[in-house]
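Overview (structure and organization)
Letter by letter, the chains look like this.
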Amino acid sequence: MEFNVKKLASDAGVFFSRAMQFTEEKLGQAEKTELDAHFENLLARADCTKNWTEKILRQTEVLLQPNPSARVEEFLYEKLDRKVPSRVTNGELLAQYMTEAANDFGPGTPYGKTLIKVGETQRRLGAAEREFIHSASINFLTPLRNFLEGDWRTISKERRILQNRRLDLDACKARLKKAKAAEAKAALWSDEVEKAEHELRLTQTEFDRQAEVTRLLLEGISSTHVNHLRCLHEFVESQTNYYAQCYQFMLDLQKQLGGFSGTFVGNADSTSPAAAPSSPAVAAATLPAVPTIPVVPTIVGVPNTVAEGVLNPNEVKPPASGTRKARVLYDYEAADSTELALLADEMITVYSLPGMDPDWLIGERGNQKGKVPVTYLELLS
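For the structure given in this document, a descriptive report is provided here. (Residues numbered from 1 in each chain as written. Predicted model: local features only at pLDDT ≥ 70, side-chain atom pairs only at ≥ 80, totals over all residues. Heavy atoms only, no water.)

The grouping of Glu183, Asp191, Glu192 and Glu194 at the surface amounts to a negative patch. Here the negative patch gets 3 residues from one element, more than from any other, and that element is helix α6 (residues 190–219). Secondary-structure assignment places Glu194 in helix α6. (Patch = residues over 30% accessible without salt bridge, like charges linked within 9 Å, V, L, I, M, F, W, Y side chains within 5 Å. Areas by Shrake-Rupley, 256 points an atom, 1.4 Å probe, with all protein chains shown as cover. Salt bridge = Lys/Arg side-chain N within 4 Å of Asp/Glu carboxyl O. Lys, Arg positive; Asp, Glu negative; His and termini not counted. Charge placed at Lys NZ, Arg CZ, Asp CG, Glu CD. Helix = DSSP H or I, 4+ residues; strand = E, 2+ residues; numbered from the N terminus.)

In structure tokens:
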């Protein structure tokens, strides 16, 4: 009990001494040991890294999850060390509503068919978004968060210790200065000078040791920048893949809806006839814009089914030259029997035929062949 009381009294004395030293420095009444310029630059660089890492982390979280309530919920689950529950993306929820609406309106009606097609694309977009968020969280957000909650806390702790060591050192310098001033007046103070010099040597050693520890941690910020640079590249790659998938999904949907163009005019339910527009200007404003499909002339030596945009794999033969190898970038699910399903990283043979859509190629895998989207491939020389 007595030891604890003495320790508390000693700690209180040290705290009071540091507080006095800090106050006198702020008031300009005490000298302060300055760190060298290189050390100060390391401190400024570390503070800059911490501040910008926090801002980038927070804004990336907003980008991936715009809903603030959902972010707070995820934060609480993370602090409680519990798994965040799976959350339906906006695209998946929209897909669900469209599918349910199509069932109510009639999946065989033009509107119902279109709702189903658009809903399926929204579902795929939502799944791609979920995958992107998961990838960005693991490869980008987690390393930034680990730096702030790990390395930066260690740096901050050692900096506080260094600050205390500096205050102790400057307090000892002040005591030694007072002891020497008193010694000049009375020889009886020589013991106080020796004691002050001894304390100064001890505090100087502790300060130098702590300064070296802190310096090494601050120099490690360079390694942190290298690690964050790698994470940034991974984030950009995952974002690029996400937008490429979204673009391809929408292209596929646009082509599918182009096949429904005839349903917009003349196929409406007979029970609810539409009023005829009174002028061409009204008609242009009323009817949806449908991309026109150019008429492809019949090409000698090429089956009519290809020239017309409809591929029959059994009728297609590869050209004598012009075939290439291609690596598949992403999985692709065939929309119908004329297309070839793809698996990421597999190698296939591809070639083009006269009259084909430039966004598509003929792909062959063994005895299987069909149309494949160019954006899903990396063409090899």
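From this point, the discussion proceeds with the structure in view.
With that out of the way, let us pick up the pattern of salt bridges. Per the counting criterion, the structure on display carries 17 salt bridges. In this structure, Arg215 engages Glu212 in a salt bridge whose closest nitrogen and oxygen atoms are separated by 3.9 Å. Of this pair, Arg215 and Glu212 both sit in helix α6, 3 residues apart, which is roughly one turn of the helix. For Arg215, a relative accessible area of 19% translates into the label buried. Take Glu212: its relative accessible area is 41%, and that puts it in the partly exposed class. Here Glu378 and Arg327 are joined by a salt bridge, their closest N and O atoms 2.8 Å apart. Note that Glu378 is positioned in strand β5 (residues 377–379) and Arg327 in strand β1 (residues 324–328), a separation of 51 residues in sequence. Residue Glu378 is classed as partly exposed on the basis of its relative accessible area, which comes to 32%. According to the relative accessible area criterion, Arg327 is partly exposed, its value standing at 27%. (Buried < 20%, exposed > 50% of the residue type's maximum accessible area, 1.4 Å probe, protein only.)

Even without a glycine there, the phi angle at Asp345 is positive, about 75 degrees. The topology assignment puts Asp345 in the loop between β1 and β2 (347–351). A relative accessible area of 55% places Asp345 in the exposed class.

As a further point, take the pairing of β2. Within β2, 4 of the 5 residues are buried, leaving the element largely enclosed by the surrounding structure. Bridge count for β1 against β2 is 4 bridges, and the pairing is antiparallel. The residue of β2 that forms the bridge with Arg327 is Met347. Two elements, β2 and strand β3 (residues 360–365), share 3 bridges in a ladder whose sense is antiparallel. Each bridged residue has a counterpart across the sheet, and for Tyr351 the counterpart in β3 is Ile362. (Pairing = 2+ DSSP bridges.)

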